[in-house]
Amino acid sequence: MSHSPITPIVIIGAGPAGIATAVEAMNRGYKNSEIVLLEKSGEVGHMIQSKYPNEKPVLANYKERMAECIGDMCITDMTKSDFMDYLSTTIKERELNVKFHEQVEKIIKLKNGQFNVITNNEHYLCDAVFVAIGNMASPRTLGVPVAEEVASKIFYDIQDISKEMADVLVVGGGDSAGEYAKILCERGHKVTLSYRGGEFNRMIDQNRDNTLKLIKEEKIIFLPSSHIKEIQNTKGLPLVSFAEGDYKPRPFHAIVTALGTERPTKYLSAIGIETIIEGEDIFSESKMEGLFFVGDLASGKRGGSINFAFNSGVKAIGKACSLYLDCDL
Ligand SMILES: Cc1cc2nc3c(=O)[nH]c(=O)nc-3n(C[C@H](O)[C@H](O)[C@H](O)COP(=O)(O)OP(=O)(O)OC[C@H]3O[C@@H](n4cnc5c(N)ncnc54)[C@H](O)[C@@H]3O)c2cc1C
């Protein structure tokens, strides 16, 4: 392990929030050589590349978060592939220093106010840390008893659903659930949607309209106000029982849950970050002054969006400039 020279800004995670944070730091006078992005995977925007179905449009207004951008980075509705190009082009044009396959093992606040960020590869001494790792490493689970033999038939995203899994249960009532159900229908699966609510109040209009249309056309079997009670094994398939007697137990080839995510508190705690302070703004600062949470990590219960993540990076750099960094503007 080598000892790096001082890198004033360390950003953990090279998704939308991390990249926008780096771009804004450069706009405020930092050179690309003074900023490092640590990305655990081998690509930028890895969550989006791996979790968004290829045919899914990337929507500018998402989760009731309107696309009002305050910094350089901003999207309008586009395809997934155009969005990935947008991220790669930004990295290229700004010559951002992304260290792939690098994971933080410990963050230590030093007496002089700086941080020592220790990874599997390096030590970075820095003035501010921005944690932009998203929430997707911790998807919310069903929280019901599941027979061990069929646990492998429960998925968190539809990239894992093969053609052979003809009969699929989607669980959830938010945007992801609606999008998953629609795409699975289009791919030719028989789709059942189980939602504990009766109306899709949490979806943006476009997803709600699409979902209701497919239900009306009987392309999605909708189980409103349904609560999964248990998942048993029937001949190697998950047999789903519901708390409501009206819904008889039924088998599926696969179950996809779209129940949102939890904060990765275990990981954060393991690397030395104890608490996320809920800010009133679109980013938050930890108890360790100078360490910020941006993007989905700061988005609270409402959930985040890409433009929210971009804005979050801009605001967090603004605060860091006023307190800990030596910015031009
Ligand atoms: C299925 C789905 C569909 C969506 N559709 C839309 C949409 O149409 N429009 C929209 O605006 N929003 C959409 N969203 C939400 C949007 O993708 C997120 O709000 C946004 O990506 C958050 O950006 P982020 O940078 O905070 O986190 P992420 O995009 O999750 O990026 C985090 C980055 O950090 C990396 N990372 C994770 N852990 C570590 C670690 N320990 N160390 C280093 N790096 C790490 C990841 O590999 C990733 O590159 C969707 C989300 C999902 C799941």
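Conventions and cut-offs
- Residues numbered from 1 in each chain as written.
- Predicted model: local features only at pLDDT ≥ 70, side-chain atom pairs only at ≥ 80, totals over all residues.
- Heavy atoms only, no water.
- Helix = DSSP H or I, 4+ residues; strand = E, 2+ residues; numbered from the N terminus.
- Expected span 1.5 Å × (residues − 1).
- Buried < 20%, exposed > 50% of the residue type's maximum accessible area, 1.4 Å probe, protein only.
- Contact = heavy atoms within 4.5 Å.
- Domains from an automatic or database assignment.
- Buried area = accessible area lost by both parts, 1.4 Å probe.
- Salt bridge = Lys/Arg side-chain N within 4 Å of Asp/Glu carboxyl O.
- Polar contact = N/O pair within 3.5 Å; in protein donor to acceptor, adjacent residues only side chain to side chain.
- Near = heavy atom within 4 Å.
- Areas by Shrake-Rupley, 256 points an atom, 1.4 Å probe, with all protein chains shown as cover.
- Nonpolar A, V, L, I, M, F, W, Y, C, P; charged D, E, K, R; others polar.
- Pairing = 2+ DSSP bridges.
- Axes fitted to C-alpha atoms, helices over the stretch in contact; angles between N-to-C directions.
- Parallel < 35°, antiparallel > 145°, perpendicular 65-115°, else oblique.
- Left-handed = near helix turned anticlockwise from the far one by under 90°.

I tried to follow helix α1 (residues 16-27) on my own but got confused; where do I start?
Since one α-helical turn is 3.6 residues long, residues separated by three or four positions face the same way. An ideal rise of 1.5 Å per residue puts 16 Å on 12 residues; α1 measures up with 16 Å between its terminal C-alpha atoms. For α1, the tally of buried residues reaches 11 of 12 residues, placing the bulk of the element in the interior. The complete set of buried residues in α1 reads Pro16, Ala17, Gly18, Ile19, Ala20, Thr21, Ala22, Val23, Glu24, Ala25 and Met26. The secondary structure elements touched by the buried residues of α1 are β2 (9-12), β3 (35-39), α2 (46-51), α3 (80-94), β8 (128-131) and α7 (306-323). Directly beyond the C-terminal end of α1, a positive phi value near 110° is found at Gly29.

Is there a simple way to think about the domain arrangement of the chain in this case?
Interfaces are often sized by the accessible area lost when the parts come together. Domain parsing of the chain yields domain 1 (2-136 + 261-323) and domain 2 (148-257). The straight-line distance from the C-alpha centre of domain 1 to that of domain 2 is 32 Å. Taken together, the contact between domain 1 and domain 2 spans 14 residues of the former and 14 residues of the latter. Interface area, domain 1 with domain 2, both sides summed: about 1,100 Å², of which 48% is carbon and sulfur. Three residues stand out in domain 1 for area buried against domain 2, namely Lys51, Pro53 and Glu55, and they jointly supply 38% of the buried area on that side. The tally of links between domain 1 and domain 2 comes to 3 salt bridges. Linking domain 1 with domain 2 are 4 residue pairs in polar contact (both at pLDDT 80 or more).

What is the right way to look at the site of the ligand in this model?
As a matter of local geometry, the ligand sits amid 33 residues, with Glu39, Tyr52, Lys56, Leu59 and Asp296 nearest to it. One of the backbone N or O atoms of His46 is found 3.4 Å from an oxygen atom in the ligand. In the complex, 96% of the free accessible area of the ligand, which totals 1,000 Å², lies under the protein chains. Those elements that place two or more of their residues in the shell around the ligand are α1, β3, α2, α4 (175-186) and α7. Class assignment for the residues of the shell around the ligand results in 19 nonpolar, 9 polar and 5 charged. When residues of the shell around the ligand are assigned to domains, at least three map to each of domain 1 (2-136 + 261-323) and domain 2 (148-257).

Honestly, the sheet that holds strand β14 (residues 237-242) in this entry has me stumped. Any pointers?
Through backbone hydrogen bonds, the strands of a sheet pair up, either in parallel or in antiparallel fashion. Pairing in this open sheet of 3 strands is antiparallel, and the strands run β13-β14-β15 from one edge to the other. The open sheet terminates on both sides in strands that have one partner only, identified here as β13 (228-234) and β15 (250-251). In the sheet, β14 pairs with β15 via 2 bridges, with the strands oriented antiparallel. Bridge pairing in β15 links Val240 to Arg250.

Is there a simple way to think about the packing of α4 against helix α5 (residues 205-216) in this case?
Pairs of packed helices are described in terms of their axes, by the angle between the two and the distance that separates them. At a minimum axis distance of 9 Å, the contact between α4 and α5 shows a crossing angle of 45°. Between α4 and α5, the angle falls in the class oblique. By crossing handedness, the relation of α4 to α5 is classed as left-handed. Each of Asp175, Gly178, Glu179 and Lys182 in α4 lies in contact with α5, whose residues at this interface are Asn207, Asn210, Thr211 and Leu214. Residue composition of the contact of α4 with α5, grouped by class: 1 nonpolar, 4 polar and 3 charged.

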